[in-house]
Amino acid sequence: MLSICETQCITRPNASASTESVCKLLLSLVVFSGLIAVAFLHMGAWMVLPFAGLELVLVVLAFVVVLRHRGDYEKITFVQDQVEIEQSVLGEIKHVRFLCYWTRITLREGENGKTSLWIGSHHQEVEFGRDTMDNAQREELASHLKRVLLKTK
C-alpha cells in the first residue's frame, strides 16, 4: 500500500487479514487436515500423519512470519531542506537524513526484472519500497520525489 502527499510518503505491507482471522483459518486447516490424516491412519497408511503434521507446522510458520511483519513501514519526510527516511522492520527503526540539494533518486533494473528505488547522497544510499511496492509504484514514486526535490532546491 502506498500513500503519497506533498511532504510525506508512507509505504506498508498489505496486511489485510487480522490475527483473529488467521487463527481461525489455521484452526480449520488443523481440523480438516487432521481428520484426513486420521482417516488414512485407520486405513493403514500411517505415513500420512507425520507429513500432514509437517505441512501444518510449515503453514503456521509462514503465517507467523507474515504476522510479525505487519507493523513494518517505510516513510520519507521532507523537512525544510532535508529528506528523512525512516524504515521500521520488526520494530527496529532506522533513520537516515540527506540534504535535499545533494539527494539523488535512482531507479535500477535488477537481474530478475524487478526495479529498485534508491535514495542517496555522498556515497550513502538507502533502498526504499523493496518489499512493499511493485515496479509501477516505484517508478511513480521516483518521479514524484524528483518533482518534490526540484521544488525544494
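Higher on the page you've got the structure.
Nothing here was measured: the structure is a model prediction, and the numbers come from that model.

Chemist: Help me get a handle on the overall build of the protein chain, residues and values and all.
Modeler: Within the protein chain, the regular secondary structure consists of 3 helices and 8 strands. Reading the secondary structure of the protein chain in the N-to-C direction produces β-β-α-α-β-β-β-β-β-β-α. For a compact globule of 153 residues, the expected C-alpha radius of gyration is about 15 Å, and the protein chain comes in at 22 Å, more than 25% above that figure. Principal-axis analysis of the C-alpha atoms gives the protein chain an extent of 75 × 35 × 25 Å. Per-residue burial for the protein chain yields a buried fraction of 29% across its 153 residues. Partitioning the intrachain contacts of the protein chain with sequence separation of at least 6 by distance along the chain shows that 44% fall at a separation of at least 24. Separation of charge centres in the protein chain, based on 16 positive and 17 negative side chains, amounts to 4 Å.

Chemist: Go over the pairing of strand 2 (residues 8–11), please, and point to the residues and values.
Modeler: Of the two faces of strand 2, only the one carrying Cys-9 and Thr-11 is buried; Gln-8 and Ile-10 on the other face are not. Where strand 2 lies against strand 3 (residues 73–79), 4 bridges are found, and the strand directions are antiparallel. The partner of Ile-10 across the bridge, within strand 3, is Lys-75.

Chemist: For the sheet that holds strand 7 (residues 115–121), give the residues involved together with the corresponding values.
Modeler: Read across the sheet, 3 strands follow the order 6-7-8 without closing on themselves; strand pairing throughout is antiparallel. Every other strand in the sheet has two partners, leaving strand 6 (104–109) and strand 8 (124–128) as the edge strands with one partner each. Going across the sheet, the axis of each strand differs from the next one's by a mean of 30°, ignoring polarity. Each of strand 6, strand 7 and strand 8 touches helix 3 (residues 135–152); the most contacted strand, strand 7, lies at about 25° to it.

Chemist: Lay out the packing of aromatic side chains in plain terms, naming residues and giving numbers.
Modeler: Overall, the coordinates contain 1 aromatic pair when judged by the stated rule. Measuring from ring centre to ring centre gives 5.0 Å for Tyr-101 and Trp-102, while their planes differ by 90°; the resulting arrangement is edge-to-face. For Tyr-101, a relative accessible area of 57% gives the class exposed. Taking relative accessible area as the criterion, Trp-102 reaches 45% and is therefore assigned partly exposed.

Cut-off values and rules
- Residues numbered from 1 in each chain as written.
- Predicted model: local features only at pLDDT ≥ 70, side-chain atom pairs only at ≥ 80, totals over all residues.
- Heavy atoms only, no water.
- Helix = DSSP H or I, 4+ residues; strand = E, 2+ residues; numbered from the N terminus.
- Rg over C-alpha atoms; globule rule 2.2 N^0.38 Å.
- Buried < 20%, exposed > 50% of the residue type's maximum accessible area, 1.4 Å probe, protein only.
- Contact = heavy atoms within 4.5 Å.
- Lys, Arg positive; Asp, Glu negative; His and termini not counted.
- Charge placed at Lys NZ, Arg CZ, Asp CG, Glu CD.
- Pairing = 2+ DSSP bridges.
- Axes fitted to C-alpha atoms, helices over the stretch in contact; angles between N-to-C directions.
- Phe/Tyr/Trp six-rings, centres within 6.5 Å; stacked < 30°, edge-to-face > 60°.

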